[in-house]
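What the coordinates show
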Amino acid sequence: MSGEAHRPGRIEVVCGSMFSGKTEELIRRLKRAEFARQKVEIFKPAIDTRYSDIDVVSHDRHSIPSTPVDSSSSILLLSSDIDVVGIDEAQFFDEGLVGVCNELAGRGVRVIVAGLDMDFKGVPFGPIPALCAVADEVTKVHAICVKCGSLAYVSHRLVCSDKRVMLGEESEYEPLCRECYRKAVEEERKAARMQDI
């Protein structure tokens, strides 16, 4: 047999900065699988309650029902007899997510993962880099830099906090290209030095 429903298991990663369309692409792929009458299950970290406690919701308000979980191991327990597993905001999961995705793919499940590849400091984030390494397919999507219109590189945090995990929206983050991010960080450092004087 051939076709989408009968491919061997695989891992697909959709990554990029905030506002780049990661969740939108995840929802598109999952809805297509549902249209093909495949058994689909979607998971998200329980801490992500920005738009909904239960649904996976993109920034432009497209949504799909999901199961919030506290750890990657829960995904394995809840994924029996499933053709396609979707995982949103994967950067918030523990490092065990890589093994979970590999195990599911080994069982013949198509695993589609979406998440930030870097945090607000431009540092690789959570299990996403390792997932990119083991994935069969990686799609890097880009937002547009709000300062100059180039392709965005990173999600720049607009509020003062060093917490790595901080849920936020347009009032807390903005997508910036490499050059505009460098300038923004320099300006923040200058402002911090001025306060110390």
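These numbers come from a predicted model, not from an experiment.

Reading the values: rules and limits
- Residues numbered from 1 in each chain as written.
- Predicted model: local features only at pLDDT ≥ 70, side-chain atom pairs only at ≥ 80, totals over all residues.
- Heavy atoms only, no water.
- Helix = DSSP H or I, 4+ residues; strand = E, 2+ residues; numbered from the N terminus.
- Expected span 1.5 Å × (residues − 1).
- Buried < 20%, exposed > 50% of the residue type's maximum accessible area, 1.4 Å probe, protein only.
- Core = buried A, V, L, I, M, F, W, Y, C linked by side-chain atoms within 4.5 Å.
- Pairing = 2+ DSSP bridges.
- Axes fitted to C-alpha atoms, helices over the stretch in contact; angles between N-to-C directions.
- Arc of directions from axis to C-beta.
- Salt bridge = Lys/Arg side-chain N within 4 Å of Asp/Glu carboxyl O.

Our focus in this paragraph is helix H1 (residues 22-35). With 14 residues, H1 should reach 20 Å at 1.5 Å per residue; the first-to-last C-alpha distance of 20 Å fits that figure. For H1, every residue scored as buried is listed here: Lys22, Thr23, Glu25, Leu26, Ile27, Arg29, Leu30 and Ala33. Among the residues trailing H1, Arg37 stands out with phi positive, at a value near 60°.

Right, let's talk about the nonpolar core for a bit. Counting 24 residues, the largest nonpolar core has Ile75, Ile87 and Val113 as the members making the most contacts within it. Taken together, the elements giving at least two residues each to this core come down to strand E1 (10-16), helix H2 (72-77), strand E6 (84-87), helix H3 (97-106), strand E7 (110-116) and helix H4 (128-134). Broken down by element, the residue count for this core peaks at 6 residues, all from H3. With 12 residues, the next largest nonpolar core counts Val14, Leu26, Ala33 and Val40 among its residues.

With that settled, the discussion passes to the sheet that holds strand E8 (residues 137-141). One open sheet holds the 6 strands; their spatial order is E5-E2-E6-E7-E1-E8, and the pairing between them is parallel. Two strands bound the open sheet, and with one partner strand each, they are strand E5 (67-69) and E8. Each strand of the sheet is rotated relative to its neighbour by a mean of 20°, with strand direction disregarded. Relative to E8, E1 is paired through 5 bridges, and the arrangement is parallel. By the bridge assignment for E8, Val14 is matched with Thr139.

Attention now goes to helix H5 (residues 178-196). Taking 1.5 Å per residue as the helical rise, H5 with its 19 residues ought to reach 27 Å, and the 27 Å between its terminal C-alpha atoms agrees with that figure. Taken as a whole, H5 has its buried residues at Cys180, Tyr181, Ala184 and Val185. Take H5 and look down its axis: the buried residues cluster within an arc of 135°, on one side only. Opposite the buried face of H5, by more than 90 degrees, sit the exposed residues Arg178, Glu187, Arg189 and Met194.

For the structure on display, the rule yields 11 salt bridges. In this structure, Arg29 engages Glu12 in a salt bridge whose closest nitrogen and oxygen atoms are separated by 2.8 Å. Taken together, the positions of Arg29 in helix H1 and Glu12 in strand E1 put the pair 17 residues apart, joining distant regions of the chain. Glu12 carries the same exposure label as Arg29, and that label is buried. With its nearest N and O atoms 3.1 Å apart, the salt bridge here joins Arg107 to Glu103. Here Arg107 falls in the partly exposed class, since its relative accessible area comes to 46%. Several salt bridges converge on common partners, so that one network encompasses Arg10, Glu12, Glu25, Arg28, Arg29, Arg110 and Glu137.

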